[in-house]
Amino acid sequence: MKKTIFVAMAFVCAFATSYAQIKNINVSGTIKDKKTKTALSYVNIVLKTAKDTLFVIGTVSNEEGRFTLSNIKPNDYFLEVSYIGYTTKRQTLFVGTLSEFLEVPPIELEESTKTLTEVTVTAKQDEINGKMDKKTFSVADNISQSGGSVLQTMQNLPGVSVQEGKVQLRGSDKITVLIDGKQTALTGMGSQSGLDNIPASAIEKIEIINNPSAKYDANGNAGIINIIYKKNKKEGFNGKIGLTGGLGSLWVRKENLPSIRPQYQFTPKVNPYLSLNYRKNKVNIFFQGDYLYTQTLNKNEFVTRIYDNGTVINQQTKRNRNTHFATVKAGIDYHINDQNMLTVSGLFGTEKIIDRGDQPFFNADLSDRLRLWQFLEDELKITAMSTVAFQHKFKQPGHVLNAGFNYTFHREDEKYFFDNILPAYTGKDAFALISDEHVADFNLDYTKPLKFGRIEGGAKFRWREIPTNMKFIPGINSPLDSAAGGPATYKEIIPALYANYIYESKKFEAELGLRVEYVNINYVVGSTHPVYKTNGYNYTQPFPNIRFAYKINDNNRITLFYNRRVDRPNEVDIRIFPKYDDAEIIKVGNPALRPQFTNMFELGYKTNWRKGYFYAAVYHKLADGTITRIASAVPNSALIYSIFQNAKRSYNTGIEIVLSEDVAKWFSFNINLNGYHNRIDAFTVENKYPVANTFTVAKQEIFSGNAKLNTIFHLPKNFDIQATFIYLAPDIIVQGKIGQRFSLDLGIKTTIQKGKGELFLNATDLANTMVVKRQIQGKDFKYIATDYYETQVVRLGYSYKF
C-alpha cells in the first residue's frame, strides 16, 4: 500500500483547488515625504505594465496621502509616482492571484535625485481559487437538478457523492454544513441534516471547502459545505419569481411483500418561490421566500436476516412521506457611512412531515407472516434564526473588523403511532418526543493586509442547550421499552481563538494557522433510565492548518496541505431513547460516545490552459476513535440494536482528478474521478443497551471510488442541455459493505422573454437504476438490505426576473 501511495504521489504530485478566482485586485497605499514623514496630497500615481510600459490606470492621492487602484488584473507592473518638487519614483509591483486587496508599503518621495530602493509587492490567486482550498458552484448552472433540493443539487457536483441521504466528500460524511457562513439547526449544528428539504431555488451558490483554515470551526473532518442564499444588490427594486412542479416514482421497481398498503407512485412535487430586493443610497433590503411540497417514497428497503441458529426473517420497510417545507429569510444592510455597515437578518422555517409506514415480517419462504408493524409519524420542526453583523472598514482597503451575533431556536415535535399486528392480537403503541434547541454564537474576525500577504485573527464563543423529553405510551404486550423514556439535556460550551498568517510572493505562498478550542459537553440523563447515566467530556485542543504552494509558472501550481480536525458527537448521536421506526432493527444513541480526531495530508497539482484545466490530488486521512454504528443482537431475541460507538483507528487514502474542457462553443465537459483505499482497524466494543454485550469487528479494507461526468451542450436559440452520469463503486461500512450504484440525470433549459424568463425540464435517475444494497455481518447473525427508495423525478419549471 505504501508503494502504491508513493507511486501515486509521484505521478499525480498533487492536490488543492477551488472553482472560483479573484480576477480583479485592489491596490492601495500611502505617499509620504521621506524626510518629514508627512502625507502628500494630490500626488500622481500611474500604473504601467512592466513588459511594454503600457498605461493601465492612474489616480491621485487624497488629502491623507492615500490612493487606490481598482480592478487590476494579475500581471507584472511598475508604479510611477510623480509630484511637483519631488523626484519621480518608479517601483515594481507584482499583482498575483491570492489576495483581493494589496497594501503597498508607504512610498516615500524625496526632493533629491537619489535613486530609491526597489520594492516588490505580491499577491496571488488562481482560476480555481488561489488558496486551492475551496470549490464554488453556481446552483443555476446545474440544469439537470434545477427545481430539486439542495441535497439533490449536490450529488451532481465534482468531488461530492450522496449516500443514504447524506453528502460525502471523498468517502466521508463527517461534514459541517453552514448557511451563509454560519451553523444553524436548519442543517444541523454538529452534523448534516435537512438538506433534502431545502429548495435549491433559494440558493445562489454552494462552496465546498476540503481544507478549511483556522478561521472555521474545527468540526467536520471531511470539510465544510457553505450554502449561500440568494441576495441581490442591484440598485432600485428587483426580484425573481418562479414555480417548479414535478413527479417522482414513475414506476414500481420492486413489488411490496404481501398484505401491506400500496407504495407511493407518481408522487407530486411543487416549489413556488419569490426573491425581492430593494437598494437605495445607504439601505439594502432583501427577502427570500420558498415553499416546497413533496410526496416521496422515502424508503422501500427489503431485508433478509439470517441467524446462526438457522432462523431466516424477511422484512420490508416502506415509508410513504408527505413533506411541507417553508422558509422565509429577510434582512437589511445599512451602510452607516463609507467605513461602517450594519446587517440585521432573520430566517424562519417550518417543516411538517407525515410518514405512513408498513413493515411486514415473514419467514424464509414468505408463506407465513409473523408480524405487521404499521406506523404513522407526525413531526413538526420549527427553526428561527436571528443575526446581527457589524463591519468596520479601516482606511486601508481589505483592512476590516467583523463582529456578529447569531441566535437559533429549533423545535422538534415528533409523534409516532404504531399498530403491532400479530396472529394472536393487535397492540397499539405510541411515543411523543419534544426537543428544544437553543444556540447562541458570537464571532469576532479581524483581517489586515500586509506587504507580503495578510494576517487574520478572531474569537468565537458558543453556548448550546437542548432539553429533550421522550414519553412512551405502551399498549398491550408492548414491545416498547417504556422505562427508557424521560428527560435528558445536552449542554455545550465552546470558546475558541484563531490566528492565520498568509504569505505571498511571486513564486511561493504559505498559510500558517492555529485554532485553539475549549469544549465542555455535559449530557444530563434522567434518573429513571434503566441503562444510561449522566455523562460528558471536556478538552482543550489545538487545530493547526498549514498550506504551502509553489507556482511553477502562470498556469501550473503545486500545493501541500495539513489539517487537524475533530468530529464531535452530535446530540442525536448520544440521544438515549430507542427509535422504533424499524421494529426489529432499533437505533439508539450512546452518551459515552467521544470525539473523533483526524489528521489530514494533501498534495496537489493544477494546470490551466485557455479553455480548461486539470487538477489532481493525493490525500491521506488518519482518524482516531472513528465514530460509527455497531449492530448487535440480544441473546434469546431476534431484535438487533444499532448503537453509535467509537471504533479504533481508520484510514482513507486516495487520488482525486478533475478535468474540465470547453471543447467548442457548443460543447463542454467536466469529469471527476476519485479512487481511494478505506481501512478500519480491528476493534472490540461493548453495547450497553438494552443489556451489555461485547462485539468484536475484524480489520476491514477495500479499494473503492466514484466517477462523475458532466456534459453541457449549447444549442441555437439559447437552449442548453446537461447530462450527468454518476458511478459509485462498492465500499466498506463498519461490519459490512455497500454495493455499487449508478445513475443518469438529464436537463434542458432556455431563456425567454428577452433574457428575463427561464424555462427548464429535467429528469433525475432517468433509468431508475440508483439502488442501495448493504451487507452487514454481526455476532450470530448477518443481513442483506436493498433499498428501492425514490430517486427518479421529472420536473418542469419557470422563473422570471424583474
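Nothing here was measured: the structure is a model prediction, and the numbers come from that model.

What follows concerns the overall build of the chain. Helix and strand content of the chain: 3 helices and 45 strands. Here the C-alpha atoms of the chain give a radius of gyration of 29 Å, agreeing with the 28 Å that 2.2 N^0.38 yields for 802 residues. Summarising its shape, the C-alpha atoms of the chain cover approximately 105 × 60 × 55 Å along the three principal directions. Scored against the burial criterion, the 802 residues of the chain give a buried share of 55%. Long-range contacts, defined here as pairs at least 24 residues apart, represent 69% of the contacts in the chain between residues at least 6 apart. Distance between charge centroids for the chain: 3 Å, based on 98 positive and 78 negative side chains.

This paragraph deals with the packing of aromatic side chains. Across all of its chains, the model carries 25 aromatic pairs by this definition. For the ring pair phenylalanine 508 and tyrosine 550, a centre distance of 5.2 Å and an interplane angle of 45 degrees mean the geometry is tilted. Here phenylalanine 508, found in strand β25 (residues 508–525), pairs with tyrosine 550, found in strand β26 (residues 535–553); they are 42 residues apart in sequence, far enough to count as distant. Overall, the relative accessible area of 34% leaves tyrosine 550 in the partly exposed class. One aromatic cluster is present, built from ring pairs that chain together Trp373, Phe375, Tyr416, Phe418, Phe431, Phe472 and Tyr580. Directly above the aromatic system of phenylalanine 78 lies the positively charged group of arginine 90, at a separation of 3.9 Å from the ring centroid.

Our next topic: the confidence of the model for the chain. Chain-level statistics for the chain give a pLDDT mean of 87 and a share of 93% at 70 or above. Throughout residues 1–20 the model reports pLDDT below 50, and contacts reaching past four residues in sequence, or to other chains, amount to 73 contacts. Low pLDDT (under 50) marks residues 113–128, which in the prediction has 78 contacts with non-local residues, meaning those over four places away or in another chain.

Let us now look at unusual backbone geometry. Negative phi characterises most residues that are not glycine, and trans characterises most peptide bonds. Across the junction of tyrosine 689 and proline 690, the peptide omega takes the value -5 degrees, indicating a cis bond. With respect to the element layout, proline 690 can be found in the loop between β35 (683–687) and β36 (693–697). For asparagine 71, which is not glycine, the phi torsion reads 55 degrees and is therefore positive. Summarising the element assignment, asparagine 71 is placed in strand β4 (residues 66–72). The residue aspartate 180 is not glycine, and still its phi comes out positive at about 50 degrees. On the secondary structure map, aspartate 180 appears in the loop between β12 (175–179) and β13 (203–209). For aspartate 180, a relative accessible area of 24% translates into the label partly exposed.

Bringing the pairing of β25 into the picture now. Bridge count between strand β24 (residues 486–504) and β25: 15 bridges; the pairing is antiparallel. By the bridge assignment for β25, alanine 499 is matched with leucine 514. Once β24 ends, the chain turns through 3 residues before running back antiparallel as β25.

Cut-offs and rules
Residues numbered from 1 in each chain as written. Predicted model: local features only at pLDDT ≥ 70, side-chain atom pairs only at ≥ 80, totals over all residues. Heavy atoms only, no water. Helix = DSSP H or I, 4+ residues; strand = E, 2+ residues; numbered from the N terminus. Rg over C-alpha atoms; globule rule 2.2 N^0.38 Å. Buried < 20%, exposed > 50% of the residue type's maximum accessible area, 1.4 Å probe, protein only. Contact = heavy atoms within 4.5 Å. Lys, Arg positive; Asp, Glu negative; His and termini not counted. Charge placed at Lys NZ, Arg CZ, Asp CG, Glu CD. Phe/Tyr/Trp six-rings, centres within 6.5 Å; stacked < 30°, edge-to-face > 60°. Lys NZ or Arg CZ within 6 Å of the ring centre and 35° of its normal. pLDDT = per-residue confidence, 0-100. Pairing = 2+ DSSP bridges.

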